[in-house]
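These are the residues of each chain, in order.
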Amino acid sequence: MIARTDLAVELQEDKNWEIPMEGIRMKTRVDTEHHIKETKIVIENEAGSRQLGKPVGTYITLECHDLQENDFSYHDEMSTVLSEYLQLLLPHRKKILIAGLGNRNVTPDALGPYVIDHLFVTGHLQKHGYYKGSRDIRAISPGVMAQTGMETGEILKAIIKETEAEVLIVIDALSARNSRRLNTTIQVSNTGILPGAGIGNHRKAINEQTMGVPVIAIGVPTVISISTILCDAVESLVEQDIITEEQQAQFIHDAFDDGMKKMFVTPKNIDEAVQRISFTVSEGINQWIIREENE
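Residues numbered from 1 in each chain as written. Predicted model: local features only at pLDDT ≥ 70, side-chain atom pairs only at ≥ 80, totals over all residues. Heavy atoms only, no water.

Asks: Could you give an account of the overall build of the chain, with specific residues and numbers?
Replies: Looking only at helices and strands, one finds 12 helices and nine strands in the chain. In terms of overall size, the chain behaves like a compact globule, its C-alpha atoms giving a radius of gyration of 20 Å where 295 residues would be expected to give roughly 19 Å. Projected onto its principal axes, the C-alpha positions of the chain cover 70 × 45 × 40 Å. Relative to its full complement of 295 residues, the chain shows a buried share of 50%. Across the chain, the fraction of contacts at a sequence separation of at least 24, relative to all contacts at a separation of at least 6, is 73%. Side chains of the chain give 29 positive and 43 negative charges; the mean places of these two sets differ by 7 Å. (Helix = DSSP H or I, 4+ residues; strand = E, 2+ residues; numbered from the N terminus. Rg over C-alpha atoms; globule rule 2.2 N^0.38 Å. Buried < 20%, exposed > 50% of the residue type's maximum accessible area, 1.4 Å probe, protein only. Contact = heavy atoms within 4.5 Å. Lys, Arg positive; Asp, Glu negative; His and termini not counted. Charge placed at Lys NZ, Arg CZ, Asp CG, Glu CD.)

Right under this line is the structure:
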């Protein structure tokens, strides 16, 4: 629990996959030309859910360390792959509500609102006869409870009812276990999301059970906990036989109080990084939006 992560692929890495895991399938593909690694994890039943600590469903992780660069050709390729997976998960859905979760005024948490800024929304245009062949897209940045006094799920459920949306896509910032994945990784899942879970602020779940429609979650890790960094440092000492596992456990017990567990850090270039990867995510969604019209 000290080494916090929202990424299914990182939970998988902590397991011993030499031993078959009941109810879990995993497939990895690497595009060497564009330096994109795709990992698909399918949790098939409750046994798999208990082992990995994630709800039953599909988790797709797209990694490209070149996203740290300003060369947008890498971002174009990642956007295309994201679009293809959205088409795989939602092939025939027409009426979509997209929600950018998070606080626009806190940069590591601003990914969702930034993505909404760049989306090609069509709901108002279709009322006037335009883009009839594309999907009907409505979008909102509902803010956070401290700003609205309401659970995000309450707001979205009311909008879904009013707009008769067929599916909800939520975009949110996540927490990573490995600092190399910050702002270079996109996770897509069909299991919904717990807003604020990455930093321990658990709100009501936003999933198919609570919303009444399928929920696709798109997330990018933007923060890592201090406790995770220190755990990794201590673990490296164990690997070098400088300290024993018992000494490691004692150190963790003594060092990590409740205050330490609540501390998170983010890269110093977070302003630029979040702006950049928000374009990557929004362009992937935009490609998926117009795909129906082109096909």
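Asks: Break down helix H9 (residues 226-239) for me, citing the residues and quoting the values.
Replies: Within an α-helix, residues lying three or four positions from one another point in the same direction, as the helix has 3.6 residues per turn. In this model H9 runs 20 Å from its N-terminal to its C-terminal C-alpha over 14 residues, within 8% of the 20 Å that 1.5 Å per residue would give. Residues of H9 that are buried: Ile226, Ser227, Thr228, Cys231, Val234 and Val238. One or two residues past the end of H9 sits Asp241, with phi positive at roughly 60°. (Expected span 1.5 Å × (residues − 1).)

Asks: Mind laying out the nonpolar core, listing which residues take part and the relevant values?
Replies: Among the nonpolar cores identified, the biggest contains 35 residues, and Ile98, Ile186, Ile218 and Ile285 are the most heavily contacted of them. Contributing elements (two or more residues each) for this core: strand E3 (57-63), helix H3 (72-89), strand E4 (95-100), helix H4 (111-117), strand E6 (167-175), strand E7 (185-189), strand E8 (215-225) and helix H12 (270-294). Considering every element that reaches this core, the biggest residue donor is H12, with seven residues. Apart from residues lying up to four places away in sequence, Ile98 is in contact with Ile116, Leu119, Ile137, Arg138, Ala139, Ile140, Ile169, Ile171 and Ile285. Listed in part, the 20 residues of the second largest apolar core include Leu97, Ala176, Leu182 and Met211. (Core = buried A, V, L, I, M, F, W, Y, C linked by side-chain atoms within 4.5 Å.)

Asks: Lay out the pattern of salt bridges with the relevant residues and their values.
Replies: Pairing between side chains becomes possible if they bear opposite charge and their charged atoms approach one another. Going through the model one piece at a time under the given rule, you end up with nine salt bridges. A salt bridge links Glu10 to Arg181; the shortest N-O distance between them is 3.1 Å. One end of the pair, Glu10, is in helix H1 (residues 8-13); the other, Arg181, is in the loop between E6 and E7, and 171 residues separate them in sequence. For Glu10, a relative accessible area of 1% corresponds to the buried category. For Arg29, the salt bridge goes to Glu38, with nearest N and O atoms at 2.6 Å. Arg29 gets classed as partly exposed once you look at its relative accessible area, which sits at 46%. With relative accessibility at 6%, the residue Glu38 sits in the buried group. Members of the salt-bridge network, linked through shared partners, are Glu10, Glu13, Glu63 and Arg181. (Salt bridge = Lys/Arg side-chain N within 4 Å of Asp/Glu carboxyl O.)

From the geometry alone we can't say anything about function, so treat these as descriptive.
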